[in-house]
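# Understanding the architecture of this molecule
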Amino acid sequence: MLDQILDSSLALSLKTPILLLILIILEAVLSADNAIALAAIAQGLKKPELQRSALNIGLVVAYVLRMSLILTATWVVKFWQFELLGASYLLWLVFNHFTSEQSEQDDGQGQEFNSLWQTIPLIAVTDLAFSLDSVTTAIALADELWLILAGGTIGVITLRFLAELFIRWLKKYTYLEDAGFITVGFVGLRLLVRVINPELVPPQWLMISAIALVFAWGFSKLNPDYEQAVEITEEPTDDQASKEPEKISS
């Protein structure tokens, strides 16, 4: 279907911008599970300014690694060991999330980090593991290097803003973090299946549909603690209530 669109005489002169648009859309869609994994890692730092710094520095390192992966992709894809390492790492993240004692004690809020430099390598390596899947998809769609580099650049920029947004949403929605790590598991399993038998890899549309359904569940319930915190901040304090009549009388 995609090949027919790109090979049609009408779209021939627009092939480059069409491919770039497709790569941008794919990067945006496929960045959601990546973003929530990075948000959960950054959330381990309790101060918002440290979270932003971890995302900024971590994604700069991730960008360099992603561009290096794209430039060496024709060599990397010859070695199934890279995809096996990526799959193992992503599945380890999922296993660690659902089995760690810290997750159980904090009701799924994830583990804490004491230092900014503990999170930066995790953010960079996590994005690199996800990139093994997205870069392969990009190479299958486009044969022009600058298009793939442009798509990867836009993907990292999108990821930065999505991750910060997800940090807020993780506090707001009860099931969202679990949903995010389930989708991380999907990506890890997809990489693992591709190592074992590429013919068994599910199509991209099925992957996106499954991720959409899991995220719909993730957004299905508000966190009661978050709602109470919002109500407390909205209610006027005793000092504010006592000052209001004074302002009126004056």
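Just so we're clear, the structure is a prediction, and the values are computed from it rather than from any experiment. The residue count restarts for each chain, going from 1 along the sequence in the order it is written. Predicted model: local features are reported for residues with pLDDT of at least 70 only, side-chain atom pairs are reported and counted for 80 or more only, and whole-chain, interface and lining totals are derived from all residues. Side-chain measures were taken over the full set of non-hydrogen atoms in the model, leaving aside hydrogen atoms and water.

### Section: the pattern of salt bridges
The term salt bridge refers to a pairing of a side-chain nitrogen on Lys or Arg with a carboxyl oxygen on Asp or Glu at a separation within 4 Å. The tally for this structure, following the rule as stated, stands at 3 salt bridges. The partner of D127 in a salt bridge is R66, and the shortest N-O contact between them spans 2.6 Å. Here the residue D127 occupies a position in helix α8 (residues 116–141), and R66 occupies one in helix α4 (residues 48–71), the gap between them amounting to 61 residues. Burial classes: relative accessible area under 20% of the type maximum marks a residue as buried, over 50% as exposed, and values in between as partly exposed (1.4 Å probe, protein chains only). Residue classification places D127 among the buried positions, given a relative accessible area of 0%. Between R194 and E83 there is a salt bridge whose closest N-O contact spans 3.0 Å. Of this pair, R194 sits in helix α10 (residues 176–196) while E83 sits in helix α6 (residues 80–99), placing them 111 residues apart in sequence. Here R194 and E83 have matching classes, each one buried. Elements are defined by DSSP. Helices are runs of H or I of four residues or more, strands are runs of E of two residues or more, and each kind is numbered from the N terminus.

### Some remarks on a nonpolar patch on the surface
Only residues above 30% relative accessible area that lack a salt bridge enter a patch, with like-charged residues linked at up to 9 Å and the nonpolar side chains Val, Leu, Ile, Met, Phe, Trp and Tyr linked at up to 5 Å. Accessible areas in this description were obtained via Shrake-Rupley with a 1.4 Å probe; residue shielding takes into account the shown protein chains only. Where nonpolar side chains cluster on the molecular surface, the patch consists of I57, V61, L65 and W117 and spans about 350 Å² of accessible area. No other element matches α4, which puts 3 residues into the nonpolar patch. Note that V61 resides in helix α4. Using a relative accessible area of 36% as the deciding quantity, one classes V61 as partly exposed.

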